[in-house]
Amino acid sequence: MIKKTLFISLFSIILGATPSFALDHTKAQHPGKMVFKPLTFSPAKAERTVLKDGMVLYVLEDHELPVINLSATIRTGSIYEPEEKAGLAKLTGKVMRTGGTSSLTPDEINDQLEYIAGIMEVSIGRESGSASLSVMKKDIDMGLKIFADVLISPRLSQKKLDLAKKQEVEAIRRENDNPNSIAFREFRRFLYRDNPRGRIPTKESINAITRGDLVDFHSRFFTKENIILGVSGDFNKDKIARKIEKAFQGWQKTSMNIPKPPPPEQSYDKFIGYAFKGVPQSTIVTGHLTVNKKHPDHYPFKILNFILGEGGFSSRLTSEIRSNRGLAYSVRSFYRGDVDYGVFVALCQTKSKTTYQALSLIYKIIKGLKEDGVTDAELAWAKESIMNKFVFSFTSSYSIVNQQMQLEYDEMPQHFLEDYLDNISKVTLEDIKRVANEYLHPDRSLIVIVGNGRDFDTPLSEFGEVNEIDLKEE
């Protein structure tokens, strides 16, 4: 009896709630019948401040460990690079970190960071850039000096650029060894079409990049007004703000306006792309552009996608295609809602001889969801899963700060996170049925398949006109 009572007490402590019944030491209640008060969720919030020099700073004190984390979000990205020099943004971020600064050689930076057990990274993706630093509290002055120096005055060493270019060219060459890499690369190319988001670096574009290109790219985008800083950890917020102001005091404003490229155009023209790869399995990627995360339908579509294929073994695609039919090694769907557009994808890996069957079943399941909607049980399961997962995205002060920074970067309302759970909970069966019919277009999707067409169970031409993708030039 003592063990049972102890178990119930620990169970209550772990959940952070108290059972609604009084414990009876003579008769323990079954855990499945225990009733708890509703759990509330109130994540901590970082404080937004604007420094004297105009730089936006998010601050969140966390004294649990003697560590300080800095992060920066920079308005930049590969969407701004010239088409003939695709890969410039990524190389700039890489060489900023590896190429030293005006006052420190690459080896000196590495030695100093190693001495203080500091970690620093710089990267530039498709639509933003980021930099981060993690150091012990006692080493913040040295770490912050290096961090600011790399952002303001990188040396952009020619030697490090030459090495980075060789690495990128080799990575491009090796992409064609991986069917998954081929499938996603070609899907992105066709999905975005003439939009800058669809540009793919090639050996020629990488080799055309010069150190001068890196210098120009850095000077254009790494400016004081084009950056949002965040800091979390063991510090006093007023003192850390003064330290940051001092570290970045030499960074001059430019008042340069950087307009964002237009979003990709919505197009539901059916397209089938096929790339031959002499392997015994096929990689299938199919999908289209869809609703963005600023739209009210973002929430029902997120739940819809979870039920369809992002919810693991209980999702419809995995349950039917993998568990019931045994047709796939991996199958799921994916939805990413960006600021002004969204992307929906269903993907599958299957044996060559079941390629047609697997793709047909994907479309059948999507059409079934459009026609019949989802069940009460599926909706309840998806809501609970998404809400539980959302709560765990606030497990550290660092993640809280970065989420708020991203909201400002995306020009999203700051109450987006506070309203998220409520917006998920409000979604109804009717909402799911409506968005499925409005935003899912299986008959007019982009399809990319990589595999050995000679072994397919049925020719891909049964789906429509097939466009062959030549990999020889990649």
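Residues numbered from 1 in each chain as written. Predicted model: local features only at pLDDT ≥ 70, side-chain atom pairs only at ≥ 80, totals over all residues. Heavy atoms only, no water.

1. Brief notes about the overall build of the chain
- Summing up its helical and strand segments, the chain has 16 helices and twelve strands in all.
- Expressed along its principal axes, the backbone C-alpha trace of the chain runs to roughly 75 × 65 × 40 Å.
- Buried residues in the chain amount to 49% of all 474 residues.
- Sequence-distant contacts in the chain: of pairs separated by 6 or more residues, those separated by 24 or more amount to 80%.
- When the accessible surface of the chain is totalled, it reaches about 23,500 Å², and 52% of it is carbon and sulfur.
- Across the chain, 64 positive and 62 negative side-chain charges occur, with their mean positions spaced 3 Å apart. (Helix = DSSP H or I, 4+ residues; strand = E, 2+ residues; numbered from the N terminus. Buried < 20%, exposed > 50% of the residue type's maximum accessible area, 1.4 Å probe, protein only. Contact = heavy atoms within 4.5 Å. Areas by Shrake-Rupley, 256 points an atom, 1.4 Å probe, with all protein chains shown as cover. Lys, Arg positive; Asp, Glu negative; His and termini not counted. Charge placed at Lys NZ, Arg CZ, Asp CG, Glu CD.)

2. Points about empty space enclosed by the protein
- Inspection of the entire model under this criterion finds three cavities of 30 Å³ or more.
- Considered as a void within the structure, the largest cavity measures approximately 110 Å³ in volume.
- Along the wall of the largest cavity there are 13 residues; nearest its centre are Phe190, Leu191, Arg193, Ser267 and Leu446.
- Among the secondary structure elements, those contributing two or more residues to the lining of the largest cavity are helix H6 (179-192) and strand S8 (281-290).
- By residue number, the principal contributor to the lining of the largest cavity is S8, which donates three residues. (1 Å grid on protein atoms, 1.4 Å probe; cavity = no way out; pocket = protein on both sides within 12 Å on 5 of 7 lines; lining within 4 Å. Points joined across faces, edges and corners; volume = space filled by probe spheres on them.)

3. Considerations on the pairing of strand S7 (residues 271-276)
- Both S7 and strand S11 (residues 446-451) contribute to a ladder of six bridges, which runs parallel. Across the sheet, Ile272 pairs through a bridge with Ile447, a residue of S11.
- Relative to strand S12 (residues 466-468), S7 is paired through three bridges, and the arrangement is parallel. Residue pairing across strands places Gly273 opposite Asn467, the latter belonging to S12. (Pairing = 2+ DSSP bridges.)

4. Overview of unusual backbone geometry
- Although it is not a glycine, Ala117 adopts a positive phi angle of roughly 55°.
- Residue classification places Ala117 among the exposed residues on the basis of a relative accessible area of 57%.
- The phi dihedral of Arg193 is positive, around 55°, even though this residue is not glycine.
- Examined against the element boundaries, Arg193 turns out to sit in the loop between H6 and helix H7 (203-207).

5. A short note on the pattern of salt bridges
- Scanning the model with the defined rule gives 24 salt bridges in all.
- As a salt-bridge pair, Lys85 and Asp213 come within 2.6 Å of each other at their nearest N and O atoms. One end of the pair, Lys85, is in the loop between strand S3 (67-74) and helix H2 (88-98); the other, Asp213, is in helix H8 (residues 211-221), with 128 residues separating them in the sequence.
- Under the relative-accessibility criterion, Lys85 is labelled buried at 18%.
- Residue classification places Asp213 among the buried residues on the basis of a relative accessible area of 15%.
- Because the salt bridges share partners, they merge into one network encompassing Glu175, Arg185, Glu186 and Arg189. (Salt bridge = Lys/Arg side-chain N within 4 Å of Asp/Glu carboxyl O.)

6. Quick word on the nonpolar core
- Within the largest apolar cluster, 61 residues are counted, with the highest numbers of intra-cluster contacts made by Phe301, Ile303, Leu304, Leu317, Ile321 and Tyr420.
- Residue contributions to this core peak at eight residues, all from helix H12 (residues 355-372).
- In this structure, Ile116, Ala148, Val150 and Leu161 belong to the second largest nonpolar core, which totals 53 residues. (Core = buried A, V, L, I, M, F, W, Y, C linked by side-chain atoms within 4.5 Å.)

7. Description of the side chain of His298
- Considering the arrangement of structural elements, one finds His298 in helix H10 (residues 298-310).
- By relative accessible area, His298 is classed as buried at 6%.
- A distance of 2.9 Å separates a polar atom in the side chain of His298 from a polar atom in the side chain of Tyr335.
- The residues contacting His298, other than those within four sequence positions of it, are Val291, Asn292, Lys293 and Tyr335. (Polar contact = N/O pair within 3.5 Å; in protein donor to acceptor, adjacent residues only side chain to side chain.)

8. Examining the confidence of the model for the chain
- On average, residues of the chain score 91 in pLDDT, and 92% of them reach the 70 mark or higher.
- This model gives residues 1-23 a pLDDT under 50, and the stretch forms 30 contacts once residues within four places in sequence are excluded. (pLDDT = per-residue confidence, 0-100.)

9. Details of the layout of surface pockets
- Considered as a void within the structure, the largest pocket measures approximately 920 Å³ in volume.
- Taken together, 29 residues form the lining of the largest pocket, with Lys293, His298, Lys302, Arg336 and Gly337 sitting closest to its centre.
- At the level of elements, H10, strand S9 (328-337), helix H13 (376-391), helix H14 (397-409) and helix H15 (416-425) are the ones that each hand at least two residues to the lining of the largest pocket.
- Considered class by class, the residues forming the lining of the largest pocket number twelve nonpolar, six polar and eleven charged. (Nonpolar A, V, L, I, M, F, W, Y, C, P; charged D, E, K, R; others polar.)

10. Quick word on the environment of Asn305
- Assignment of secondary structure puts Asn305 in helix H10.
- Each C-alpha atom, one on Asn305 and one on Phe334, is 6.9 Å from the other, the two residues being 29 residues apart in sequence.
- The contact partners of Asn305, leaving out residues within four places of it in the chain, are Glu310, Ser333, Phe334, Tyr335 and Phe344.

11. Points about helix H11 (residues 316-324)
- For H11, the set of buried residues is Arg316, Leu317, Thr318 and Ile321.
- Elements that come into contact with the buried residues of H11 comprise H10, S9, strand S10 (342-351), H12 and H13.
- Downstream of H11 by one or two residues, Gly326 has phi in the positive range, about 65°.

12. Focus on the sheet that holds S11
- If you trace the six strands from one edge of the open sheet to the other, you get S9-S10-S8-S11-S7-S12, paired in mixed fashion. Two strands close off the open sheet at either side, each with one partner strand: S9 and S12. The sheet shows a mean angle of 15° between the axes of neighbouring strands, direction not considered.
- In terms of strand pairing, S8 meets S11 through five bridges, oriented antiparallel. When the sheet's bridge partners are listed, Val285 is paired in S11 with Val448.
- Sitting on the sheet, H6 touches S7, S8, S9, S10 and S11, and the angle it makes with S8 is about 25°.
- Each of S8, S9 and S10 touches H10; the most contacted strand, S9, lies at about 175° to it. (Axes fitted to C-alpha atoms, helices over the stretch in contact; angles between N-to-C directions.)

13. Concerning the pairing of strand S1 (residues 47-50)
- Alignment of S1 against strand S2 (residues 56-61), held across four bridges, turns out to be antiparallel. Opposite Thr49, over in S2, you have Leu57 as the bridge partner.

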